[in-house]
Amino acid sequence: MQNFSNRVYEKLSKLSENQIEQLFSELHTENSVLRSIFQSLSTGLVTVDKNCRILEINKAAERLLSINNYSKDDEDLTLPDYIEDDEILQFFKDCFDKNKTNVSDEFTIKTSGGSVRFIEIFVSPLVQESSITGSIILIDDVTEKRNQEILLHRMEALAGLTNIAASVAHEIKNPLGAISIHIQLLQKAIRKKREGDGMLPDKKFTENYLDVVNQEIDRLNKIVVDFLMAVRPVSAQLELVNPNKILNDFVAFITPEFTDKHVKVESELCPNCPKLLLDEKLFREVIVNLAQNALYAITERFDAFNKSKPFGQVVSGRLSICSFIKDDKFILTFTDNGTGMSEETLSRVFEPYYTTKANGTGLGLAMCYKIIKEFRGDISVTSTVGQGSEFTITLPVPQTTQKLLTHNSSGDK
């Protein structure tokens, strides 16, 4: 197209009016076709000049960026003036203010219907006649790709149901045995009475057996309810969120309770924390569970000791929450100086129904494990009896964020 235009320009003076008219008609037709293709692209495409004024924008870009009021007549408005999403707006401002190019990032947006979509935005330079005159912005909807990854991960997680089913079968066997024995005893007592004086057994005698049966039925019901909770799919609504905000709010929330129980809460979170694919509600469920377990272990170790000390000579427990980035992974640790765990407990701590607490269900840490796996991460624990435990959560940094972090760090150097 460019070579053709150059040749026409060179011979323009030699063309007749009819030839020029025909040429412009062909150019107009070709331009209309190109504009139709441009507007029909499923990928959003925007070009802006050095002052961020929009040169061209297609319908997909307007839809993905939620631009509803764009008009070519608004020559004084720039692209950031049309952006309502705070995170996307900040991304564009960073790119334009600092002249960043060949950078990308991923964002979550909510449609008018309330569903969550994932979009990836890539900014590259607009080059004309060997000089940069602006920026080209590509916006891709990667929701289906992300959903496929999540679906594949969930299908893999179903393989672990075999172990849970085996645990439930073992748990159900005992109360069923007790119910069977006590019903047989009750039947035997009734049969013996009918063969003798025909009177029913003593009311207290029968009620004792029936009470045991009812208790075991309640126990069975609890096992089934817990089982359904353990095997139900984790309905994670993954969005790109900054974990630091959740963790800072969480630390501020638990500190008064922990301080009241003589437990010091310390936090050291990584600066410039990247956004992670998380469900905020489920992530909060995990950190609440880890914190409550730490509080239980600390108070179990120090409460009896502190009660024997004179007033004012209290030994404080400690919970340390730290995060950092290593090898494109977000690492979060919960470290306490509680009772610690034995080797047996340590090897079974994430198993459903395994607990060392008198009133524990054995599902708290199992659910934590399940949620972190849903985030495509990992959770592990190290512990020493009498010294404390450390839980470590490892979460992947999204690929686009890795590229952005790498670009920024190389630019800083």
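As shown above, the structure is provided for reference.
Residues numbered from 1 in each chain as written. Predicted model: local features only at pLDDT ≥ 70, side-chain atom pairs only at ≥ 80, totals over all residues. Heavy atoms only, no water.

Participant: Can you help me understand the overall build of the protein in this one?
Facilitator: If you tally the helices and strands in the protein, you get 13 helices and 12 strands. Looking at the protein as a whole, 38% of its 413 residues qualify as buried. Summarising the internal contacts of the protein: among those between residues at least 6 apart in sequence, 62% fall at separations of at least 24. Only carbon and sulfur atoms are counted for the fraction: they give 52% of the accessible area of the protein, which is about 25,000 Å². (Helix = DSSP H or I, 4+ residues; strand = E, 2+ residues; numbered from the N terminus. Buried < 20%, exposed > 50% of the residue type's maximum accessible area, 1.4 Å probe, protein only. Contact = heavy atoms within 4.5 Å. Areas by Shrake-Rupley, 256 points an atom, 1.4 Å probe, with all protein chains shown as cover.)

Participant: For this particular structure, what's the right way to read the sheet that holds strand 4 (residues 116–128)?
Facilitator: Two orientations exist for strands paired in a sheet by backbone hydrogen bonds: parallel and antiparallel. Pairing is antiparallel in the open sheet, where five strands are placed in the order 2-1-5-4-3. Here the strands that pair on one side only, and so sit at the sheet edges, are strand 2 (54–57) and strand 3 (103–110). Shown here is a sheet whose adjacent strand axes are inclined to one another by a mean of 20 degrees, direction ignored. The pairing of strand 1 (residues 44–49) with strand 5 (residues 131–141) spans six bridges and is classified as antiparallel. What sits directly across from Val46, in strand 5, is Ile137. Along the sheet, helix 5 (residues 86–97) makes contact with strand 1, strand 3, strand 4 and strand 5, crossing strand 3 at roughly 160 degrees. (Pairing = 2+ DSSP bridges. Axes fitted to C-alpha atoms, helices over the stretch in contact; angles between N-to-C directions.)

Participant: Which parts of the structure should I look at to understand the sheet that holds strand 11 (residues 378–384)?
Facilitator: As summarised here, the arrangement of the five strands in space is 7-9-10-12-11, forming an open sheet in which the pairing is mixed. Strands at the two margins of the open sheet, each flanked by one partner only, are strand 7 (263–268) and strand 11. Sheet twist, expressed as the mean angle between neighbouring strand axes with direction ignored, is 15 degrees. Relative to strand 10 (residues 329–336), strand 9 (residues 317–326) is paired through eight bridges, and the arrangement is antiparallel. Its bridge partner being in strand 10, Phe324 is matched across the sheet by Ile331.

Participant: I keep staring at the pairing of strand 5 and nothing clicks. Help me out?
Facilitator: Here is the key point about a regular strand: its side chains alternate between the two faces of the sheet. Alignment of strand 4 against strand 5, held across 10 bridges, turns out to be antiparallel. Along strand 5, the bridge assignment pairs Val127 with Ile132. Counting the residues between successive antiparallel strands, the hairpin from strand 4 to strand 5 contains two residues, one of them, Glu129, with a positive phi of roughly 50 degrees.

Participant: I'm lost on helix 12 (residues 364–374) in this one. Help?
Facilitator: Given 3.6 residues to a turn, an α-helix orients residues that are three or four positions apart in the same direction. Taken residue by residue, helix 12 has Leu365, Ala366, Met367, Cys368, Ile371, Ile372 and Glu374 as its buried positions. A positive phi of about 60 degrees marks Arg376, the residue just after helix 12.

Participant: I keep staring at the packing of aromatic side chains and nothing clicks. Help me out?
Facilitator: Each aromatic ring pair is described using two quantities: the centre-to-centre distance and the angle formed by the ring planes. Counted by the stated rule, this structure contains six aromatic pairs. Ring centres of Tyr70 and Tyr82 lie 5.6 Å apart, and the angle between their planes is 70 degrees; this geometry places the pair in the edge-to-face category. In this pair, Tyr70 sits in the loop between helix 3 (59–64) and helix 4 (79–82) while Tyr82 sits in helix 4, placing the two residues 12 residues apart along the sequence. By relative accessible area, Tyr82 is classed as buried at 5%. Between Phe91 and Phe92 the ring centres are 5.8 Å apart and the planes differ by 50 degrees, which places this aromatic pair in the tilted class. (Phe/Tyr/Trp six-rings, centres within 6.5 Å; stacked < 30°, edge-to-face > 60°.)

Participant: Looking at this model, I keep getting lost on a negative patch on the surface. Mind explaining?
Facilitator: Taken together, the side chains of Asp73, Asp74, Glu75 and Asp76 make up a negatively charged region of the molecular surface. Mapped onto the secondary structure, Glu75 falls in the loop between helix 3 and helix 4. Note on Glu75: relative accessible area 60%, which makes it exposed. (Patch = residues over 30% accessible without salt bridge, like charges linked within 9 Å, V, L, I, M, F, W, Y side chains within 5 Å. Salt bridge = Lys/Arg side-chain N within 4 Å of Asp/Glu carboxyl O. Lys, Arg positive; Asp, Glu negative; His and termini not counted. Charge placed at Lys NZ, Arg CZ, Asp CG, Glu CD.)

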